[in-house]
Amino acid sequence: MSDVDANMKLDHLRGTPGSRTRLEAQVWSGARVEADPAAVPDPAVVDVPPQLRQAIEQQMAKYPDFHSAAIPALKLAQAEHGWLSPVAMVQVAAVMQVTPAYLESIASFYDMFELAPAGEHSIYVCTNISCSLCGARDLVEALSEATGAPLNGSSPDGLVHLRSFECLGACDIAPMASIDGHYRGPLDADDARTIAEHLRAGRPVQELLTEKSYEHRYSAEGRGAGQGPA
Amino acid sequence: MTVQGDGRLILFRDFTEPARGEIDAYESHGGYRAMRKAFGDMTPDQVLRELEASGLRGRGGAGFSMGKKASFLPHGEIEKYLCCNADESEPGAFKDRELISRNPHQLIEGMMIAAYAAGIRHAFVFIRGEYVEQADVLERAVEQAHAKGYAGDDILGSGFSCSLVVHRGAGAYICGEETALLDSLEGKRGNPRLRPPFPANQGLYQGPTLINNVETLSNVPHVVEHGADWFRSFGTEKSPGTKMVSVSGNVLRPGNFEVELGTPSRQIIFELAGGPPPERRIKCWFPGGSSSPVLTEEHLDLPYDFEHMAEAGSMLGSGSIIVVDDSVPIVSVALWVAKFYRHESCGKCVPCREGTNWTVNLLQRIDSGDATPMDLDVMESVQGNIIGNCLCLLGDSMAMPISSMIRHFRPEFEEHIAVRQQAAARVRDGTVAAPTGKEAGAGPDLVGVAAGDALVKQDPQAARSEDRQSPGHGGSA
């Protein structure tokens, strides 16, 4: 495949034409793998990062049947590679001694697995009923504008992956978003800009808008019933 | 008869304790006393009988007697499993999140007692993948419990052993359905199974399996410690105990409230959750999450319990009230609901996979001005063809609320159809320009519809993930 084709494919996956970032290298180291999806990879020929191998083996030991570790293992691989690239899949398959096709069947079912390159930080915005009643659509637009990431796509700098998500189980702080698993809400357009700046500055996500974490709400404090948020 | 302030809180009792997630704080508030009592003074059968006598009903939605469910498991030396369903993903529900993050040891204690009662040696908590912070809290608590001998081998020196593993999901609403949960836990796509065999006979890894919700299991230590009679002093005859109610949507103080079952619904929505914004009235409310048929203002004085909600044609479900005020068009509400179930349908049964798709299409036709009043009848017949025709209740969960919305708000649907038809006709005639973006239709009715779709269309990757929703792909987008 020529470089031109390669870039076109990348642009399609990323949804951001013409950008060149470190994601690019990831994509192409991933896309060159040619493994038979129906064959269990030979562990002797697949190079697996030792810490990933160890973590997956730990997961496998936790269950009576090691297949139960498939989802945890894919999550570990996704954390290692940024997305479930073909390389990542083959690595998991080699450690677990299952076929890549089996792993793909799982990865394509669950919402939290990224089958295309994704930005470094994932922002899930809940757009389900309670959040929609409280203005989730405006929040999606504000976050998209602030981070430069299109809805369900990554920002050109590869920093943010913005997704609309089904109910995240935080209707009490609607409209809300989960930033790398940290729930924050209720959020407005100013908060969206704060989030974008915070991530660009490279500061830890758990320090982001801590007053908007539900730990700080009255109702969540349980004194709650009847007192409501501050 | 609210529980608030009179010291009768059960599950929320120690929630103001700052370090309540820590084992020392839990112990200092009487934690793990119930476990000592059960393991020391009671036989497994006695625990089972106590649970049955308490009338504790499953809090995940179905409301089946917890003690009875546990007693269905075969006795004897076979590998049995306990799964705590913490895959809370019903829109409107957020009680388990709070129970886990505020009081993880209460759940662990309840699980170990339930495992003891049913003779189970392997326990799992299936927690949804999105609950990263909660799973971290829970894993830490499980470690502490192991270290102190409350879980693992030879618990409290009783000779009884039970392993406890926290399993994180990866984002799929269907995994809250108990058989899909088992498939997912076995490392497969989360597809519901055919029943029978029921999980109590053949569940996880083909072994007998007890599956209970977080809230149900969190109640267990209290039942064991204080006895069935004490538990029955809360709530009603048929629905004893308290219920965590999550109230959200158009209310001023959304949150989790622990109430006795049988509390008037109006009191929960207005006094606890603050009611709708000023100048607004309640148009409709979901009494049990987005899958329950909607009720209207006239139902507000009904007692909030399993029986009265069922009599009114709805259900208590997981106890999640979503309030919709009169500024929101019912078509938008229907569309949000339908889109959710379309996205989450696993694709295994045709009526659900196709029915959710067609319902979304029909609702979008209404909004784009392409629908006729006959489409409402078509939509109703689609719902009728879903209900009862699938392996699990996901399709029904869309069909029931959508049918109820058409039943209660048919004139509004018809008006919406007429208004949009006229608007579309004016655009065709060239009288007015085609609406774009935010201006398209005043009000919030286009949330997630016109403007949202426009956003999606601009983005090739999003278009790609929409493609992945085609039949056969249940999960992702």
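The structure under discussion appears in the preceding block.
Source: prediction; values computed, not measured.

Turning next to the overall build of chain B. Tallying secondary structure elements over chain B gives 18 helices and 10 strands in all. Buried residues in chain B amount to 61% of all 477 residues. Considering only residue pairs separated by 6 or more positions, chain B has 72% of its internal contacts joining residues 24 or more positions apart. Element-wise, carbon and sulfur atoms account for 52% of the exposed surface of chain B, whose accessible area totals about 16700 Å².

Okay, helix 3 (residues 44-54) of chain B next. Residue and element names in this part refer to chain B. Here helix 3 has its buried residues at Val47, Leu48, Leu51 and Ser54. Each buried residue of helix 3 lies within a common arc of 130° when the element is viewed along its axis, so the set occupies one face. Just downstream of helix 3, Gly55 is the residue with a positive phi angle, here 75°.

Now for the sheet that holds strand 3 (residues 160-165) of chain A. All names here are of chain A. What the 5 strands build is an open sheet, ordered 2-3-1-4-5; its pairing is mixed. The open sheet has two edge strands, strand 2 (153-154) and strand 5 (182-184), and neither has a second partner. Two strands pair when backbone bridges link them, and strand 2 and strand 3 are joined in this way by 2 bridges, in the antiparallel orientation. What sits directly across from Ser154, in strand 3, is His161. Across the sheet, helix 8 (residues 136-147) is in contact with strand 1 (121-126), strand 3 and strand 4 (177-179); its angle to strand 1 comes to roughly 160°. Sheet contacts for helix 9 (residues 189-200): strand 1, strand 3 and strand 4; angle to strand 1, the most-contacted strand, approximately 165°.

Glancing now at the sheet that holds strand 1 (residues 81-86) of chain B. Whenever strands of a sheet pair, they do so through backbone hydrogen bonds, lying parallel or antiparallel. Residue and element names in this part refer to chain B. Read from one edge of the open sheet, 4 strands run 3-2-1-4, paired in parallel fashion. Whereas interior strands pair on both sides, the edge strands pair on one side only; in this sheet they are strand 3 (163-168) and strand 4 (209-213). Strand-to-strand twist in this sheet, taken as the mean axis angle between neighbours without regard to direction, amounts to 20°. Bridge analysis of strand 2 (residues 122-127) against strand 3 gives 6 bridges, and the strand direction is parallel. Looking at the pairing, Ala123 lines up with Leu164 of strand 3. Together, strand 2 and strand 3 form the strand contacts of helix 7 (residues 132-147), whose direction differs from that of strand 3 by roughly 170°.

With that out of the way, let us pick up the packing of helix 15 (residues 374-386) of chain B against helix 16 (residues 394-429) of chain B. All names here are of chain B. The interhelical angle for the contact between helix 15 and helix 16, taken along N-to-C directions, is 170°, at an axis separation of 9 Å. For the element pair helix 15 / helix 16, the angle class is roughly antiparallel. Each of Leu376, Asp377, Met379, Glu380, Gln383 and Ile386 in helix 15 lies in contact with helix 16, whose residues at this interface are Gly395, Asp396, Met398, Ala399, Ile402, Ser403, Ile406, Arg410, Phe413, Glu414 and Ile417.

The tally for this structure, following the rule as stated, stands at 16 aromatic pairs over all chains. Relative to Phe124 of chain B, the ring of Tyr63 of chain A has its centre 6.0 Å away and its plane inclined at 5°; by these criteria the two rings are stacked. Of the two residues, Tyr63 of chain A sits in the loop between helix 3 (50-61) and helix 4 (70-81) while Phe124 of chain B sits in strand 2, which places them in two different chains. Given the relative accessible area of 6%, Tyr63 of chain A is considered buried. Judged by relative accessible area, which is 1%, Phe124 of chain B ranks as buried. Relative to Tyr131 of chain B, the ring of Tyr183 of chain A has its centre 6.2 Å away and its plane inclined at 65°; by these criteria the two rings are edge-to-face. Of this pair, Tyr183 of chain A sits in strand 5 while Tyr131 of chain B sits in the loop between strand 2 and helix 7, placing the two residues on different chains. According to the relative accessible area criterion, Tyr131 of chain B is buried, its value standing at 1%. In textbook terms, an aromatic cluster arises when at least three aromatic residues are bridged by ring pairs, as seen for Phe109, Tyr110 and Phe113 of chain A. Taking the ring centre of Phe306 of chain B as reference, the NZ or CZ of Arg57 of chain B above it sits at 4.2 Å.

Rules of the game
- Residue numbering note: each chain is counted from 1, following its sequence as written.
- Chain letters and ligand numbers both follow the written order, the letters beginning at A and the numbers at 1.
- For this predicted model, a pLDDT threshold of at least 70 governs which residues receive local features, and a threshold of 80 or more governs which side-chain atom pairs are given and counted, while totals over whole chains, interfaces and linings are taken from all residues.
- The basis for every side-chain value is the complete set of non-hydrogen atoms in the structure, without hydrogens or water.
- Secondary structure is summarised from DSSP: a helix means a run of H or I of at least four residues, a strand means a run of E of at least two, and numbering begins at the N terminus for each.
- Note on classification: 1.4 Å probe, protein chains only; a residue is buried when its accessible area is under 20% of the maximum for its type, exposed when over 50%, partly exposed between these limits.
- Residues count as neighbours in contact if any of their non-hydrogen atoms are within 4.5 Å of one another.
- Computed with a 1.4 Å probe, the accessible areas rest on the Shrake-Rupley method; for each residue, only the protein chains presented here act as cover.
- For this quantity, the arc is that covered by the directions from the helix axis to the C-beta atoms.
- Strands qualify as paired when DSSP identifies two bridges or more between them.
- All axes are obtained by fitting lines to C-alpha atoms, using only the stretch in contact for helices, and the reported angles, taken between N-to-C directions, cover 0 to 180 degrees.
- Here is the rule for angles: anything less than 35 degrees is roughly parallel, anything more than 145 is roughly antiparallel, 65 through 115 is roughly perpendicular, and the remaining ranges are oblique.
- Stacked, tilted and edge-to-face are the three classes assigned to paired rings of Phe, Tyr and Trp, where Trp is represented by its six-membered ring and a pair needs centres within 6.5 Å; plane angles under 30 degrees give stacked, over 60 edge-to-face, the rest tilted.
- Two thresholds decide whether a charge sits over a ring: the Lys NZ or Arg CZ must be within 6 Å of the ring centre and within 35 degrees of the ring normal.

These figures come from the coordinates and say nothing about function on their own.
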